[in-house]
Amino acid sequence: MKRIYISILALCMVLMATAQAPADKTWTLAMKVVVEELAEPFPATARIQLTHQLNKLLTQNGIASSDMQNQFFITATATPLTKDILPGPPTQIAENMEITFYIADAYNQVIFSTTSLTAKGVGITEAKAYMNAIQHLNINQPDLQEFVQKGKTKVIDYYNTQADKMFAKARSLAFQKDYEQALYIVTCIPSECDRYEDALAMGNEIFQQYIDYLCDVNLAAAKTAWMAEQNSKGAENAGAYLQYIYPDAACYEDAQVLYQEIKGKVLDDWKFEMKKWQDGIDIEMAKIYAWRDIGVAYGTNQQPITTGWNFLR
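Residues numbered from 1 in each chain as written. Predicted model: local features only at pLDDT ≥ 70, side-chain atom pairs only at ≥ 80, totals over all residues. Heavy atoms only, no water.

Chemist: I would appreciate a short explanation of the sheet that holds strand β1 (residues 30-33) in the present structure.
Modeler: The strand order across the open sheet built from 5 strands is β2-β1-β3-β4-β5, with neighbouring strands paired in mixed fashion. Where the open sheet ends on each side, the last strands, each with one partner, are β2 (64-65) and β5 (110-123). Taken together, the 14 bridges between strand β3 (residues 72-86) and strand β4 (residues 92-105) define a ladder with antiparallel strand orientation. Among the inter-strand pairings, P80 is bridged to a residue of β4, identified as M97. Contacting β1, β3, β4 and β5, helix α4 (residues 142-175) crosses the sheet at an angle of about 155° to β5. (Pairing = 2+ DSSP bridges. Helix = DSSP H or I, 4+ residues; strand = E, 2+ residues; numbered from the N terminus. Contact = heavy atoms within 4.5 Å. Axes fitted to C-alpha atoms, helices over the stretch in contact; angles between N-to-C directions.)

Okay, structure coming up:
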C-alpha cells in the first residue's frame, strides 16, 4: 500500500508539472555515461573531468545523457604512456596517455563501438598534467565523431529489431500491474527508432490502465473512509484519496457520485473539488510527458549494473 501511495503521489506531481508541457512528443536516444575511478597516478577528480567530456561528446552528436540505469552506455579508460620532465623554472611534467572509448550493451555485454587516441598534458605535478590532458581532450576529432555515430547506429538498430520483444514484455508487466516498469521499457525506445509511434501508442495504453488501477484503489479507500465517519472528518479522509483520481480514469464517474454524496452531507464544511483538466492545455502531451516521467523515475531508481566491465578489456 505504501508503494501504491508513493506512485499515486508521483503521478499527481507529474501531471501537474506537465500541464504546460511543450507541444513536442519526441525524445532522443539516450545513453548512460559510466566512468570508473581511474587508478593512480590519476587524481580522484580525473573521473569527474572525463565524465564531463563524455557528456559533451554525446550532446554534440544528438544523444542525451541519461540518469536511468540504461542498457547502453558510453565509457572511457585512460592509460599512462610516457612521462617527460620539462626544464623550468618551474620544472614541469609532460604526460602522454592513451584514452580508449567504448559504447556498449551492459545487459548482453557486447561492444558496439570503440576507438583509442592519445592525449598530452603538462603540469607542475603528475596529477595536474593528467588533468590538463583530459581537460584539453579534443572531442571534435574525426575518429571520435565516427566512433559515436557508429555506436549510435547500432543502438538504434537494436531498438528497431527488439521493439516487438520489448512491447511483449511491457504488456506482460502491465498485466501483472507492474505499470512503472512497463512504462520504463516503453520509454527507452527513442524517437530515432522506426517503432517510436508504436511505443507512444503502447505507453498511452499502459498509462490508461495505470490510472484506472489507481482510481479503483483510491475510490475503494475513499468509500471506506467515508463509511467509517460520515462527517467532516470522514469527508476530509475521503478527499485525501479522491484527490488522486483523474478525469480520464474509468471510475471517475463513480467517484463523482461519491463526491456528490459527501458534498450533500457536509456542504460548505468540505472545501474539496474533484480534479478536472485545466482549460487551454494539450491533454495528449500532458499524458505522454506524465507516463514518460514515471518510466524515467523507475529507471533512475534502479540499482546500478554491477556485472563489471571486464568484457570491455
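Chemist: Is there a simple way to explain the environment of A106 in this structure?
Modeler: Looking at where A106 falls in the secondary structure, it is placed in the loop between β4 and β5. The buried category is assigned to A106, whose relative accessible area is 4%. A sequence separation of 34 residues divides A106 from F72, and the C-alpha atoms of the two residues are 6.1 Å apart. (Buried < 20%, exposed > 50% of the residue type's maximum accessible area, 1.4 Å probe, protein only.)

Chemist: What exactly am I supposed to notice about the pattern of salt bridges here?
Modeler: Here the idea is simple: oppositely charged side chains can pair when their charged atoms come close. The final tally for this structure, using the stated rule, is 4 salt bridges. A salt bridge links E126 to K83; its shortest N-O distance comes to 3.4 Å. Here the residue E126 occupies a position in helix α3 (residues 126-135), and K83 occupies one in strand β3, the gap between them amounting to 43 residues. Here K83 falls in the partly exposed class, since its relative accessible area comes to 45%. We note a salt bridge from D248 to K287, for which the minimum N-O separation is 2.3 Å. Within this pair, whereas D248 is found in the loop between α7 (232-242) and α8 (252-266), its partner K287 is found in helix α9 (residues 283-300), the two being separated by 39 residues in sequence. On the basis of relative accessible area, D248 is assigned to the partly exposed category, the value being 27%. (Salt bridge = Lys/Arg side-chain N within 4 Å of Asp/Glu carboxyl O.)

The quantities given are spatial measurements derived from coordinates; they are silent on function.
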